[in-house]
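What follows is each chain in one-letter form.
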Amino acid sequence: MNTASEPAVNASAGAPPVPRALRWAAWLLATLVCLLVFGMYTAPDFMVMLADQMWACF
């Protein structure tokens with residue numbers, strides 16, 4: 001129970017803030033990886049090879 005005399009507890013109060021440049025770099029990396037993966041779907045030969053390799057596992 002939180003009353004007016006007790007401060008609200010923030011779960012991330014003890015964690016150091018992440019620098020803005022690091023967050024931008026992480027988003028940029030994630031976007032590039034997604035674009036690379038989606039770009040591979042446009043290569044039919046790659047998709048056939050990938051399906052053959054997956055099928056070979058079974």
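Criteria and cut-off values
- Residues numbered from 1 in each chain as written.
- Predicted model: local features only at pLDDT ≥ 70, side-chain atom pairs only at ≥ 80, totals over all residues.
- Heavy atoms only, no water.
- Helix = DSSP H or I, 4+ residues; strand = E, 2+ residues; numbered from the N terminus.
- Buried < 20%, exposed > 50% of the residue type's maximum accessible area, 1.4 Å probe, protein only.
- Areas by Shrake-Rupley, 256 points an atom, 1.4 Å probe, with all protein chains shown as cover.
- Patch = residues over 30% accessible without salt bridge, like charges linked within 9 Å, V, L, I, M, F, W, Y side chains within 5 Å.
- Salt bridge = Lys/Arg side-chain N within 4 Å of Asp/Glu carboxyl O.

Participant: Mind laying out the overall build of the protein chain, listing which residues take part and the relevant values?
Facilitator: Broken down by element type, the protein chain carries two helices and zero strands. Buried residues in the protein chain amount to 0% of all 58 residues. Within the structure as shown, the protein chain displays about 5700 Å² of accessible surface, and the carbon and sulfur contribution to it stands at 73%.

Participant: Tell me about a nonpolar patch on the surface, and name the residues and values.
Facilitator: Taken together, the side chains of Leu29, Val33, Val37, Phe38 and Tyr41 define a hydrophobic patch exposed on the protein surface, amounting to about 520 Å² of accessible area. Relative to the helices and strands, phenylalanine 38 is located in helix 1 (residues 20-40).

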